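Observations on chain architecture
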Amino acid sequence: MPSRRASSAEVLLGVLEALPPGHRLWVRGAGRSLAPLLRPGDSVRVMRCGPGLLAPGDIALMRQDRELVAQVVVSTQPWRTASLLGLADAPGGVTLGRVVAIRRGRWVVPLPRPFRPALWMAQRAASTAWARPWTRLMSQGVWDFLSGWSRPLRRRLVGPLEIRLLTEDDLDALLAFAQERLVVSPGFLRRQLRERWGVSDAGRQGAAAGAFDAQGRLFGFAWMDSYRQEGLQLEGPWVRSLVVSPRVRRMGVATGLLRTLMAEALRQGEAWLFADVDDDNTASLRTFERLGFQRADAALTQQANEAWDASGQSKRLVVMERRLGA
């Protein structure tokens, strides 16, 4: 049975493709490639047209399989689009129209054609800078420092957070978070969310949990699944990632994410939950220990490290385990 997200996406795609040239429509959830210009929850107004009416610096709304993606046109001969930070568009997309306005809450910002050269130059500068590793590290370090110095202030600025399991409707927020914080590929996250994590309770395999603010932005993410997907001979569900934005660290987010995964693993009938943590990641080790995880015996620890050594992992891992329902 198709998911609710798949059905709604197909309906929207059908409406857009049937829209006569020149007509306009507001669309939500297509702007992750325009981060940080657009945030999850923002909308774009699209004027229906083909690629022949677009030029470098325009923002094109593209259809990629069942998804809508808004990207900057960087070339028309040959046709190429890219994210604001320079990631190239996947080949084979269908151009649906030009983005003519952006809406965030009650604010609407038009994007007139004279704005096109400025956006093209901004995209070129941002992509050039972002391609350099030291630029990314410096910007991330500055942002982490500025956002992490005061927990009371951060709590007030971020507002209340909802920690829950992810659904397919959270794809845009997850990919925006992944672009800043995760090393997992967007394609992997899309596939997992559609086929394993985001389906109904009866069909869910593994799970992913997130910490969301009132605007739907993701500030923390954790997921569990079987390592047998990657061919590693390790039994049971494993916590595969636990990442929290500096703005909400030491605010109980990591604990809440793990509790959510523990409850879901128990609901799925699992008796144990495992995790492997870098041996120098003392903060994560303390978090697991506070929730009753204990260090696994030497045999399982050796098995996990040998499995990762065979796949190219070099860091020593500490294996944690917890009996669920105890």
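Computed from a predicted model, the values in this text were never measured in an experiment. (Residues numbered from 1 in each chain as written. Predicted model: local features only at pLDDT ≥ 70, side-chain atom pairs only at ≥ 80, totals over all residues. Heavy atoms only, no water.)

1. Focus: the sheet that holds strand β11 (residues 237-244)
- With respect to topology, seven strands assemble into an open sheet ordered β8-β9-β10-β11-β12-β14-β13, the strand pairing being mixed. Each of the sheet's edge strands pairs with one partner strand only, and the pair in question is β8 (162-165) and β13 (294-295).
- Pairing of β13 with strand β14 (residues 317-323) involves two bridges; the strand directions are antiparallel. Looking at β14, one finds that R295 is bridged to M320.
- Across the sheet, helix α8 (residues 282-290) touches β11, β12 (272-278), β13 and β14, and the angle it forms with β12 is around 160°. (Pairing = 2+ DSSP bridges. Helix = DSSP H or I, 4+ residues; strand = E, 2+ residues; numbered from the N terminus. Contact = heavy atoms within 4.5 Å. Axes fitted to C-alpha atoms, helices over the stretch in contact; angles between N-to-C directions.)

2. A word on the nonpolar core
- In terms of nonpolar packing, the biggest core is built from 29 residues, with V248, L273, F288, F293 and M320 touching the most fellow members.
- At the level of elements, β9 (207-212), β10 (218-226), β11, α7 (253-267), β12, α8 and β14 are the ones that each hand at least two residues to this core.
- Among the elements that make up this core, the one with the highest residue count is α7 (seven residues). (Core = buried A, V, L, I, M, F, W, Y, C linked by side-chain atoms within 4.5 Å. Buried < 20%, exposed > 50% of the residue type's maximum accessible area, 1.4 Å probe, protein only.)

3. A short note on the pattern of salt bridges
- Summed over the entire model, instances satisfying the criterion amount to 11 salt bridges.
- Note that R116 and D58 form a salt bridge whose closest N and O atoms lie 3.8 Å from each other. Separated by 58 residues along the polypeptide, R116 in helix α2 (residues 116-130) and D58 in the loop between β2 (43-48) and β3 (59-64) bring together distant segments of the chain.
- A salt bridge links D213 to R217; the nearest nitrogen and oxygen atoms lie 2.7 Å apart.
- Its relative accessible area of 6% is what places D213 among the buried residues.
- Three or more residues are tied together by salt bridges with common partners; here these are D58, R113 and R116. (Salt bridge = Lys/Arg side-chain N within 4 Å of Asp/Glu carboxyl O.)

4. Considerations on the packing of helix α5 (residues 171-181) against helix α6 (residues 186-197)
- Relative orientation of the contacting elements α5 and α6 amounts to 150°, with a least axis distance of 10 Å. Our classification of the angle between α5 and α6 gives roughly antiparallel. Every pair of crossing elements has a handedness; the one defined by α5 and α6 is right-handed. Across from L171, L174, L175 and A178 in α5, the residues of α6 making contact are P186, L189, R190 and L193.
- Of the residues assigned to the contact of α5 with α6, the class counts are seven nonpolar, no polar and one charged. (Parallel < 35°, antiparallel > 145°, perpendicular 65-115°, else oblique. Left-handed = near helix turned anticlockwise from the far one by under 90°. Nonpolar A, V, L, I, M, F, W, Y, C, P; charged D, E, K, R; others polar.)

5. Comments concerning the pairing of β10
- Counting buried positions along β10 gives eight out of nine residues, so the element sits mostly inside the fold.
- Here β9 runs beside β10; their pairing, made up of six bridges, is antiparallel. Considered in β10, the bridge of A208 is made with W223.
- Where β9 folds back onto β10 in an antiparallel hairpin, the turn is made up of five residues, including G216, whose phi is positive at roughly 85°.
- In the sheet, β10 pairs with β11 via seven bridges, with the strands oriented antiparallel. Paired with M224 across the bridge in β11 is V239.

6. Quick word on the packing of aromatic side chains
- For the structure on display, the rule yields seven aromatic pairs.
- Seen in terms of ring centroids, W197 and W223 are 5.1 Å apart; in terms of plane orientation they differ by 40°. Their pairing is tilted. Of this pair, W197 sits in helix α6 while W223 sits in strand β10, and the two are 26 residues apart along the sequence. Like W197, the residue W223 is buried in the burial classification.
- Here a set of aromatic residues connected by ring pairs shows up, and it is made of F188, W197, F221 and W223. (Phe/Tyr/Trp six-rings, centres within 6.5 Å; stacked < 30°, edge-to-face > 60°.)

7. Re the environment of P21
- Here P21 is to be found in the loop between α1 (4-18) and β1 (24-28).
- By relative accessible area, P21 is classed as exposed at 72%.

8. Some remarks on the confidence of the model for the chain
- In this model, the chain carries an average pLDDT of 82, and 83% of its residues clear a pLDDT of 70 or more.
- Taken as a whole, residues 1-7 scores under 50 in pLDDT and shows eight contacts with residues more than four places along the chain or in a different chain. (pLDDT = per-residue confidence, 0-100.)

9. Side note on unusual backbone geometry
- Cis rather than trans, the peptide bond between Q77 and P78 has omega equal to 0°.
- The backbone of R250 shows a phi angle near 60°, a positive value even though the residue is not glycine.
- When you line up the elements, R250 lands in the loop between β11 and α7.

10. Considerations on α6
- Within the span of α6, buried status applies to F188, L189, Q192, L193, R196 and W197. Burial along α6 is one-sided: seen end-on, the buried residues are contained in an arc of 125°.
- Buried residues belonging to α6 abut α5, β9 and β10. (Arc of directions from axis to C-beta.)

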